[in-house]
Amino acid sequence: MTLPPFANEPVLELRRAPARQGLLDALAELDTTLPLRSPAWIGDDRDDGEALTSTDPSDPSRVVALAPCGGADAAGAAVTSAQQGFRAWSATGAAERAAVLLRAAEGMRRRRPALAALCVREAGKPWAEADADVCEAIDFLEFYARGALALERGRPLFQVTGERNTLSYGPRGVVAVIAPWNFPVAIPTGMVAAALATGNTVVLKPAEQAPGCGFALTAVLREAGVPPDALALVQGQGEAGAALVADPRVATIAFTGSGAVGLEILRSAAQLAPGQTQLKRCVIEMGGKNCIIVDGDADLDDAVPAIVRSAFDYAGQKCSAASRILVHEAIADALIERLAGAVEVLQVGAPGAFGSDVGPVIEREAARRVRRYTAQAAAAGRVVASRDELPAAGWYCPPTVVADVAPGTPVLSEEVFGPLLTVERVGSVDEACDRVDALPFALTGGLFSRNPDTVAHVARRSPVGNLYVNRKITAAMVGRQPFGGNRLSGTGTKAGGPDYLMSFVEPRVVTENTVRHGLVV
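Residues numbered from 1 in each chain as written. Predicted model: local features only at pLDDT ≥ 70, side-chain atom pairs only at ≥ 80, totals over all residues. Heavy atoms only, no water.

Draft legend 1. Representation of the side chain of Ser38 within the structure. Considering the arrangement of structural elements, one finds Ser38 in the loop between β1 (36-37) and β2 (40-42). Among residues more than four places away in sequence, those in contact with Ser38 are Ala65, Leu66, Ala67, Pro68, Pro211, Gly212, Phe215 and Gln235. (Helix = DSSP H or I, 4+ residues; strand = E, 2+ residues; numbered from the N terminus. Contact = heavy atoms within 4.5 Å.)

Next comes the structure, spelled out in structure tokens:
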């Protein structure tokens, strides 16, 4: 099988009226079907329970999806199904697996407006973010399909006369995918696609806030030809996820989410359970405390809009979002003034309305957490901007900028995951690098500078997994910016990169003596 070179799925041009109208039509059609039934799906069996509900963050009275709330029994049944399907799916050639993923990509293209609308309703994503979420999911399917073909070819080894050595990569077994709510289509699709591309079978547990998206992407993959026993869907909360992690039959765990849960997964996976015959591998992506360094020679015309987008797009609910600005004291006052002006005019509103810059956060507890951190920052610093005109309903938090927060305040080192940005003055780029280096997180970072020597210096010093220079620090693209963090931000795997599939396979070497001794009688 030969495929054309990979190319990113282009996002919609939302300044065009037909593109906007297509999305609004999809949202109107979706609203006529709510609440969606989003069953668990294990083999050919569906569980249409209603114990779990997802609601619209911009209008919590609107129920988006109903799903069962499975626990350990559901997780165990799903692993049993995936284990039974492993022999057949792992024996499927890479070309056939790739073809299935490519059909799934086509299925997502056909459903693109509907999937984006579902992201708007269930995860509160503004249109541009929702469309990009679906595009990224398509990218993962296309990219890993090509990766599967490349991986099957293996890698060359040194050969000598009379001996043949081959290196190949085989699937590990059942992969448990535990997905987040903030990229409810892209991230689970990426983790599931990587596992399936390499011949593993999968149990997917989507976030309890987004069961509708989890069911939708499972349906696309099943329709594309993924066998029922190669992909199981478990709906539920933490109990189901913990059961999957602890199950001795699970070989690999792919997780994206909070640091607390990620660390607990690593601890649990390290415990050998009775009957376990394989060391568990963990692909873990957690949070960040992402800083942007603004040097004294930075172009503020570039820096200000990029910082605002990095901090406040999707209400700051991206693990890559900017939360700290470290600005050279020579231009600090100018930057703060311009940031304040830019934030004061942000439109806070429903994600389904074009023109909204900042939508709601995902749920009530998230709103409380963000407000708690905002109050802490305000008490320890100086509020320079706060967009306090908020819709009456929904989990909205005011986009806020706080300057000169006292050193040591927890908000400077803990992940907020909301529309709160702090600004600190530094005497030099090296002082800024020292503050970045003191953090336990190392996911993304940014630098604004006109000096190539400064860029090279910060690139050498920065521990982050993704450093962006003179641009926003979010929106990594599959194949162009392999994404993943270091330190307590993750295990260092790079989603959307050339090495990501290696996390889902095990290497196998075969050495054959090709010198024949004697003749067969």
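Draft legend 2. Inspection of the sheet that holds strand β4 (residues 52-56) at higher detail. Strand order in the open sheet formed by three strands is β1-β5-β4, and the pairing between neighbours is mixed. Looking at the sheet topology across the chains shown, the edges are occupied by β1 and β4. Here β4 runs beside strand β5 (residues 59-67); their pairing, made up of five bridges, is antiparallel. Considered in β5, the bridge of Thr55 is made with Val63. (Pairing = 2+ DSSP bridges.)

Draft legend 3. Spotlight on the sheet that holds strand β16 (residues 420-426). Reading across from one edge, β14-β15-β16-β13-β12-β18-β19 is the order of the seven strands in this open sheet, with mixed pairing throughout. Each edge of the open sheet is held by one strand with a lone partner, namely β14 (382-386) and β19 (466-469). Ignoring which end each strand starts from, the neighbouring axes of this sheet average 20° apart. Where strand β12 (residues 290-294) meets strand β13 (residues 322-328), five bridges bridge the pair, whose relative direction is parallel. The partner of Val294 across the bridge, within β13, is Val327. Helix α13 (residues 429-437) rests against β12, β13 and β16 of the sheet, and its axis sits at about 135° to β16. (Axes fitted to C-alpha atoms, helices over the stretch in contact; angles between N-to-C directions.)

Draft legend 4. Molecular detail of the environment of Val509. Note that Val509 resides in strand β21 (residues 505-513). With sequence-adjacent residues up to four places away left out, Val509 is seen in contact with Leu157, Thr166 and Leu167.

Draft legend 5. Just the packing of aromatic side chains, in detail. This model, assessed by the stated rule, comprises nine aromatic pairs. Consider the rings of Trp127 and Phe354, whose centres lie 5.8 Å apart with planes at 15°: the pair is stacked. Residue Trp127 is found in helix α5 (residues 127-152), and its partner Phe354 is found in the loop between α11 (332-344) and α12 (364-380); the two are separated by 227 residues along the sequence. Accessibility expressed as a relative area gives 2% for Trp127, which makes it buried. For Phe354, a relative accessible area of 31% gives the class partly exposed. (Phe/Tyr/Trp six-rings, centres within 6.5 Å; stacked < 30°, edge-to-face > 60°. Buried < 20%, exposed > 50% of the residue type's maximum accessible area, 1.4 Å probe, protein only.)

Draft legend 6. Highlighting the pattern of salt bridges. Tallied over the full model, the rule gives 31 salt bridges. Ionic pairing is found between Asp404 and Arg382, a salt bridge with its closest N-O pair at 3.1 Å. Of this pair, Asp404 sits in the loop between β15 (400-403) and β16 while Arg382 sits in strand β14; the two residues are 22 residues apart in sequence, bridging distant segments of the chain. With a relative accessible area of 30%, Asp404 lands in the partly exposed category. Judged by relative accessible area, Arg382 falls into the partly exposed class, the value being 40%. (Salt bridge = Lys/Arg side-chain N within 4 Å of Asp/Glu carboxyl O.)

Draft legend 7. Region of interest: helix α8 (residues 238-246). For α8, the set of buried residues is Ala240, Gly241, Ala243, Leu244 and Val245. At its buried positions, α8 is contacted by α2 (72-91), β7 (174-178), β8 (201-205), β10 (250-256) and α9 (259-269).

Draft legend 8. Region of interest: a nonpolar patch on the surface. On the surface, Leu263, Leu266 and Leu488 cluster together into a nonpolar patch covering about 220 Å² of accessible area. Note that Leu488 resides in the loop between β20 (486-487) and β21. (Patch = residues over 30% accessible without salt bridge, like charges linked within 9 Å, V, L, I, M, F, W, Y side chains within 5 Å. Areas by Shrake-Rupley, 256 points an atom, 1.4 Å probe, with all protein chains shown as cover.)

Draft legend 9. Broad picture of the pairing of β15. The alternating pattern of β15 places Thr400 and Val402 and Val401 and Ala403 on opposite faces, both of which are buried. The sheet contact formed by β14 and β15 spans four bridges and is antiparallel. Counterpart to Ala385 in the pairing with β15 is Val401. Bridging between β15 and β16 involves four bridges; their strand directions are parallel. Its bridge partner being in β16, Thr400 is matched across the sheet by Leu420.

Draft legend 10. Up close: the environment of Ala353. Mapped onto the elements, Ala353 comes out in the loop between α11 and α12. Sequence separation between Ala353 and Phe448 is 95 residues, and the spatial gap between their C-alpha atoms is 32 Å.

Draft legend 11. Representation of helix α4 (residues 112-123). Its twelve residues give α4 an end-to-end C-alpha distance of 16 Å, which sits within 8% of 16 Å, the value for a rise of 1.5 Å per residue. In terms of residue burial, α4 counts as a mostly covered element, since ten of its twelve residues are buried. All buried positions along α4 are accounted for by Arg112, Leu115, Ala116, Ala117, Leu118, Cys119, Val120, Arg121, Glu122 and Ala123. Gly124 sits one or two residues past α4 and shows a positive phi near 65°. (Expected span 1.5 Å × (residues − 1).)

Draft legend 12. Molecular detail of the pairing of β19. Residues Asn466 and Tyr468 point to one face of β19 and are all buried, whereas Leu467 and Val469, pointing to the other face, are not buried. Two strands pair when backbone bridges link them, and strand β18 (residues 444-448) and β19 are joined in this way by four bridges, in the parallel orientation. Of the residues in β19, the one forming a bridge with Gly445 is Leu467. Traced from β18 through helix α14 (residues 452-461) to β19, the parallel crossover comes out right-handed. (Right-handed = clockwise from strand over helix to strand, strands pointing away.)

Draft legend 13. Inspection of the packing of α5 against helix α6 (residues 186-197) at higher detail. Contact geometry for α5 and α6: axes closest at 8 Å, N-to-C directions at 10°. Comparing the axis directions of α5 and α6 gives the class roughly parallel. For α5 against α6, the interelement crossing comes out right-handed. Taken together, the residues of α6 that come into contact with α5 (itself represented by Asp133, Glu136, Ala137, Phe140, Leu141, Tyr144 and Ala148) are Ala186, Thr189, Gly190, Ala193, Ala194 and Ala197. Counted by class, the contact of α5 with α6 contains nine nonpolar, two polar and two charged residues. (Parallel < 35°, antiparallel > 145°, perpendicular 65-115°, else oblique. Left-handed = near helix turned anticlockwise from the far one by under 90°. Nonpolar A, V, L, I, M, F, W, Y, C, P; charged D, E, K, R; others polar.)

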